[in-house]
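Take a look at the letters that make up each chain.
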Amino acid sequence: MIVVEDLHKHFGGFHAVDGASLSIAEGSITGLIGPNGAGKTTLFNVIAGVLEPTSGRVTMGGEDITGLPPHTLFDKGLLRTFQIAHEFSSMSCRENLMMVPGNQSGETLWNTWFGRKRIADEERALRAKADEVLEFLTIEHLADHKAGQVSGGQKKLLELGRTMMVDAKIVFLDEVGAGVNRTLLNTIGDAILRLNQERGYTFVVIEHDMDFIGRLCDPVICMAEGKVLAEGTLDEIKANEQVIEAYLGTGLKNKDKVGA
């Protein structure tokens, strides 16, 4: 679904992404791991159009999407979440979901005057879909709570819910487990698996929790110093000498500590 070819992103003399090449298979849950500063989030930002690449190419389904802005990629079904949730804090969880789909009738002044029935019908449909999403994620009890007042893990579930309000094809999840307790992390993992298996979502997941990666992801790609270092199953990655040294610099004797 996604092919990245010799991608570079430079910030002055710093090469955050330095010739990364990888592919993401349709229908997969791919893990992206690596030590801090490996270039993982920058790679996400370039693929998702948040940053322009210095050079290189990104294709989606064979179409060149290099440098396209996020809203264009959103319309193509490519979405990403962030390490820190970006909710509308003063709006309810339900309203946060209802905001997601674009080109709503109520967005034009003409329709607010002459298309009120159409707007009302759309809002009823959006409300019903938002409630379905909240139920799927097991947070329907938070529907009327202000999004800024729910826990960090619940905000991460809400971000995942936003991807369900549109026709998402591939979703990039950036440290979905950061600051989330184990119970909610399991709930998030369950939702990702169900979306993958039941609805055909493709996921790419940046995460430092190797138990979470091991439960969800195959393959796993490891980055270091802006480059792709290795790819394989988590067990293969954990046994890879180059990966171990990228994390620890201490050789195979500490291989079980990768990702700790």
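The structure this text deals with has already been given above.
Residues numbered from 1 in each chain as written. Predicted model: local features only at pLDDT ≥ 70, side-chain atom pairs only at ≥ 80, totals over all residues. Heavy atoms only, no water.

## Here's the deal with the sheet that holds strand β2 (residues 14-24)
Okay, so step 1: Taken in spatial order, the four strands of this open sheet run β2-β1-β4-β5, and their pairing is antiparallel. Taken across any chain shown, the strands that pair with only one partner, and hence form the sheet edges, are β2 and β5 (63-64).
Okay, so step 2: In this fold helix α1 (residues 40-47) packs onto β1 (2-11), β2 and β4 (55-60), with an angle of close to 115 degrees to the strand it touches most, β1. (Pairing = 2+ DSSP bridges. Helix = DSSP H or I, 4+ residues; strand = E, 2+ residues; numbered from the N terminus. Contact = heavy atoms within 4.5 Å. Axes fitted to C-alpha atoms, helices over the stretch in contact; angles between N-to-C directions.)

## Description of the nonpolar core
Okay, so step 1: Core analysis: the largest hydrophobic core is formed by 50 residues, its most contacted members being Ile-29, Leu-137, Leu-160, Leu-173, Ile-192, Phe-203 and Phe-212.
Okay, so step 2: Counting residues per element, this core draws most heavily on helix α7 (residues 182-199), at seven residues.
Okay, so step 3: Not counting residues up to four positions away in its chain, the partners in contact with Leu-173 are Phe-44, Thr-81, Leu-160, Ile-192, Phe-203, Val-204, Val-205 and Ile-206.
Okay, so step 4: Val-4, Ile-47, Leu-78 and Ile-221 belong to the second largest nonpolar core, which has 25 residues in total. (Core = buried A, V, L, I, M, F, W, Y, C linked by side-chain atoms within 4.5 Å. Buried < 20%, exposed > 50% of the residue type's maximum accessible area, 1.4 Å probe, protein only.)

## Some details on the environment of Glu-132
Okay, so step 1: Examined against the element boundaries, Glu-132 turns out to sit in helix α5 (residues 116-136).
Okay, so step 2: Between the C-alpha atoms of Glu-132 and Gly-148, which are 16 residues apart in sequence, the distance is 21 Å.

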